[in-house]
Amino acid sequence: MRDEQFTLIGRQPVLEAYRSGQTVDRLFVQEGLREGTLSSILREARRQSTPLDFVKRSRLDEMSGGENHQGVMAYLAAYRYYEISDMLSDAREKGEDPFLILLDGIEDPHNLGAIIRTANLAGAHGVVIPKRRAAGLTASAAKASAGALNYTKVAKVTNLSKTIEELKKEGIWFLCADMEGESMYRQRLTGPIALVIGNEGEGVSRLVRESCDMRASIPMKGEIDSLNASVACGVLAYEIVRQRLSAVGR
C-alpha cells in the first residue's frame, strides 16, 4: 500500500518536485518512453542519483489506482535526509563517541521506523540506509517511529561498503550482527562504534559483512533461529549502551 500524501502521479508534479528540491526516494517510468518532459525528469533523476525503475504500463496503471500517470510516478521522502557528517557533528557537540546504526536491506518500513525509535532511545547519533533495496522515510516508517524521526537523523548512501571504509578513517569500529559471530557479551563494544543490521532473510550482505571489524551474535535458547531485525537491533544497541554506561561508572 502506497502512502497517498507522498506519492506523485504524472509528469508535471514529478518534475516540479525535483525543481523545488524535494527528495525523491524512487522513480517509476514506463518502458520505452523518453519524449517531452520525461527527458527532463530522467535528467534530474540521474543528477540526484534517484533509484529508477522502468516498468510496464500495466504496472503503473495498477500502482496509480487508475489515475492518469502519463508514464511516470514517484515516491517522495516523508522527512528530509541528512549527511553522515551531521551525525558526527552532533556527537562532537555532545562530547560523545559516535554511535551509528547502519541498515543493510531493511525493506519493511515498519521495521525501519521501529529501528529509528530504538536508535533515538539508545542515544545513537543517526541511522544510515542504502538508496537501493531498502525502505525509505515513508509515512509508514514515520508512524512506526512513534515520533522519533523528529529527533533522529537518517542518511541515505549509495554504497554501504564504501561508506564503512570512509568512516573507519574517522576512527569508527563496525559491529556486524551475525549469528555465526562471537557472543555480544564477549566483545568490547565501547568507543566510536557503528552497529550494522541486515534483513531477516539474508542478514548482512557478504561485502558489507567483510567490511566490518567485528561480528556479534545474540545468545538464543528457544526453538526458532532468528529475531525480527528491529528486535535484534534493540538487543545489540542496548548491549552497547550497557557497556558505555559501565565504562563511565554509571
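Everything below is about the structure printed above this text.
On a predicted model such as this, the values are computed, not experimentally measured, just so you know.

Parameters at a glance
Residues numbered from 1 in each chain as written. Predicted model: local features only at pLDDT ≥ 70, side-chain atom pairs only at ≥ 80, totals over all residues. Heavy atoms only, no water. Salt bridge = Lys/Arg side-chain N within 4 Å of Asp/Glu carboxyl O. Helix = DSSP H or I, 4+ residues; strand = E, 2+ residues; numbered from the N terminus. Pairing = 2+ DSSP bridges. Axes fitted to C-alpha atoms, helices over the stretch in contact; angles between N-to-C directions. Buried < 20%, exposed > 50% of the residue type's maximum accessible area, 1.4 Å probe, protein only. Core = buried A, V, L, I, M, F, W, Y, C linked by side-chain atoms within 4.5 Å. Contact = heavy atoms within 4.5 Å. Patch = residues over 30% accessible without salt bridge, like charges linked within 9 Å, V, L, I, M, F, W, Y side chains within 5 Å. Areas by Shrake-Rupley, 256 points an atom, 1.4 Å probe, with all protein chains shown as cover.

By the definition in use, this model includes 13 salt bridges. Across the pair Lys168 and Asp213 runs a salt bridge, and its minimum N-O distance is 3.7 Å. Taken together, the positions of Lys168 in helix α7 (residues 160-168) and Asp213 in the loop between α8 (206-211) and β10 (214-217) put the pair 45 residues apart, joining distant regions of the chain. Look at the salt bridges and you will find they share partners, linking Glu165, Lys168 and Asp213 into a network.

Strand pairing in a sheet relies on backbone hydrogen bonds. The paired strands run either parallel or antiparallel. Ordered by their spatial adjacency, 6 strands build an open sheet running β7-β6-β5-β9-β8-β10, and the pairing between neighbours is parallel. In this open sheet, the two edge strands, each paired with only one partner strand, are β7 (154-157) and β10. Here the strands of the sheet are splayed against their neighbours by 30° on average, with no regard to which way each runs. When strand β5 (residues 99-104) meets strand β9 (residues 193-198), the two strands line up parallel, connected through 6 bridges. Of the residues in β9, the one forming a bridge with Asp104 is Gly198.

Right, let's get into the pairing of β5. Counting buried residues in β5 gives 6 out of 6 residues, a clear majority hidden from the surface. Of the two faces of β5, the one carrying Phe99, Ile101 and Leu103 and the one carrying Leu100, Leu102 and Asp104 are both buried. Looking at chain direction, β5 and strand β6 (residues 126-130) are connected through 3 bridges and run parallel. Residue pairing across strands places Ile101 opposite Val127, the latter belonging to β6.

Moving on, we come to the nonpolar core. Nonpolar side chains tend to gather and get buried jointly when the protein is soluble and globular. Of all hydrophobic cores here, the largest spans 37 residues; its most connected members are Ile101, Leu103 and Leu195. At the level of secondary structure, the elements contributing two or more residues to this core comprise β5, α5 (109-121), β6, α6 (139-144), β9, β10 and α9 (229-247). If you tally residues by element for this core, the top one is α9, at 7 residues. Once residues lying within four places of it in the same chain are set aside, the contact partners of Leu103 are Leu112, Ile115, Val127, Val128, Ile129, Pro130, Leu160 and Ile197.

In spatial order, the strands read β1-β4-β2-β3; together these 4 strands make up an open sheet with mixed pairing. Two strands bound the open sheet, and with one partner strand each, they are β1 (7-9) and β3 (52-55). Each neighbouring strand pair of the sheet contributes to a mean axis angle of 15°, computed without reference to strand direction. Bridge count for strand β2 (residues 24-30) against strand β4 (residues 72-76) is 5 bridges, and the pairing is antiparallel.

Glancing now at a nonpolar patch on the surface. Side chains of Met179, Met220, Leu227 and Val231 sit close together on the surface and give an oily, nonpolar patch of about 300 Å² of accessible area. Within the element layout of this structure, Leu227 appears in the loop between β10 and α9. For Leu227, a relative accessible area of 31% translates into the label partly exposed.

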